[in-house]
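Per-entry structural report
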Amino acid sequence: MIRKTAIIMMILAILLGASNVYAAAGSGDMLDNKDMIIVPFWEHAQKVIPTISFSSGIYSGQISGNSDVTKISMTVILSEKNANGTYSEVSRTSNSANSNFVTKSNTYSFVKGKTYKLTVTGQVYVGSTYENVENSITATY
């Protein structure tokens, strides 16, 4: 009985916690394929994080790599959902750094009731070799 209650409490905590991080907890890094969840594996990148903050009018991206990473280039693309279900780019920003971490934010006048998609793409370098990384989220204001 105690074990069952503990499991229920953990599930509730996860569900309630996820509702507070509406934009940062997007499903962009996992693809649900019925009974199987596929998570991307990057050799040198650790995190690719898109974030939308409607209240402050800011969107941002962050990429962090392992300690062997020498450079990261990143582009952050904000798109708005059209009436026909497709997305059109409305803003973008980019940054690069000769380190294993890069971040960049930009402001945007979000419109209530609209759905936005934020995509972070980048290249994570170790010497002259690199890997492409990408993650995206969608959120409705």
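Residues numbered from 1 in each chain as written. Predicted model: local features only at pLDDT ≥ 70, side-chain atom pairs only at ≥ 80, totals over all residues. Heavy atoms only, no water.

**Brief notes about the overall build of the protein**
- Helix and strand counts for the protein stand at one helix and nine strands.
- Residue burial in the protein is summarised as follows: out of 141 residues, 30% are buried.
- Carbon and sulfur atoms make up 54% of the accessible area of the protein, which totals about 9,000 Å². (Helix = DSSP H or I, 4+ residues; strand = E, 2+ residues; numbered from the N terminus. Buried < 20%, exposed > 50% of the residue type's maximum accessible area, 1.4 Å probe, protein only. Areas by Shrake-Rupley, 256 points an atom, 1.4 Å probe, with all protein chains shown as cover.)

**Brief notes about the nonpolar core**
- Ile52 and Ile63 are the most contacted members of the largest nonpolar core, which totals 21 residues.
- For this core, the elements supplying multiple residues, two or more each, are strand S3 (45-53), strand S4 (58-65), strand S5 (71-81), strand S8 (115-126) and strand S9 (129-140). (Core = buried A, V, L, I, M, F, W, Y, C linked by side-chain atoms within 4.5 Å.)

**Quick word on the side chain of Thr115**
- On the secondary structure map, Thr115 appears in strand S8.
- Within polar-contact distance, the side chain of Thr115 engages the side chain of Thr140 at 2.8 Å.
- Discounting residues that sit within four places of it in the chain, Thr115 has contacts with Ser79, Glu80, Lys81, Tyr87, Ala139 and Thr140. (Polar contact = N/O pair within 3.5 Å; in protein donor to acceptor, adjacent residues only side chain to side chain. Contact = heavy atoms within 4.5 Å.)

**Describing the confidence of the model for the protein**
- Looking at the protein, the pLDDT average stands at 83 and 72% of residues meet or exceed 70.
- Every residue in residues 15-32 scores below 50 in pLDDT, and together they form 24 contacts with partners more than four places removed in sequence or on other chains. (pLDDT = per-residue confidence, 0-100.)

**What about the pattern of salt bridges?**
- Tallied over the entire structure, the rule returns two salt bridges.
- As a salt-bridge pair, Glu80 and Lys114 come within 3.6 Å of each other at their nearest N and O atoms. Of this pair, Glu80 sits in strand S5 while Lys114 sits in the loop between strand S7 (101-107) and S8; the two residues are 34 residues apart in sequence, bridging distant segments of the chain.
- For Glu80, a relative accessible area of 16% translates into the label buried.
- By relative accessible area, which is 31% here, Lys114 ends up partly exposed.
- Between Arg92 and Glu89 there is a salt bridge, with its nearest N and O atoms 2.8 Å apart.
- Of the residues examined, Glu89 reaches a relative accessible area of 43% and is grouped as partly exposed. (Salt bridge = Lys/Arg side-chain N within 4 Å of Asp/Glu carboxyl O.)

**Observations regarding the packing of aromatic side chains**
- Counted by the stated rule, this structure contains seven aromatic pairs.
- Ring centres of Phe54 and Phe110 lie 5.0 Å apart, and the angle between their planes is 90°; this geometry places the pair in the edge-to-face category. Pair noted here: Phe54 is in the loop between S3 and S4 and Phe110 is in the loop between S7 and S8, with a separation of 56 residues, a long-range link. Neither residue differs from the other here; Phe54 and Phe110 are each classed as buried.
- Measuring from ring centre to ring centre gives 6.1 Å for Phe54 and Tyr116, while their planes differ by 50°; the resulting arrangement is tilted. You can see Phe54 sitting in the loop between S3 and S4 and its partner Tyr116 sitting in strand S8, a full 62 residues away along the chain. (Phe/Tyr/Trp six-rings, centres within 6.5 Å; stacked < 30°, edge-to-face > 60°.)

**Remarks on the sheet that holds S5**
- Ordered in space as S6-S5-S8-S9, the four strands form an open sheet in which the pairing is antiparallel. Edge strands, defined here as strands with exactly one partner in the open sheet, are strand S6 (87-97) and S9. Between one strand axis and the next, the sheet turns through 15° on average, direction left out of account.
- Where S8 meets S9, 12 bridges bridge the pair, whose relative direction is antiparallel. (Pairing = 2+ DSSP bridges. Axes fitted to C-alpha atoms, helices over the stretch in contact; angles between N-to-C directions.)

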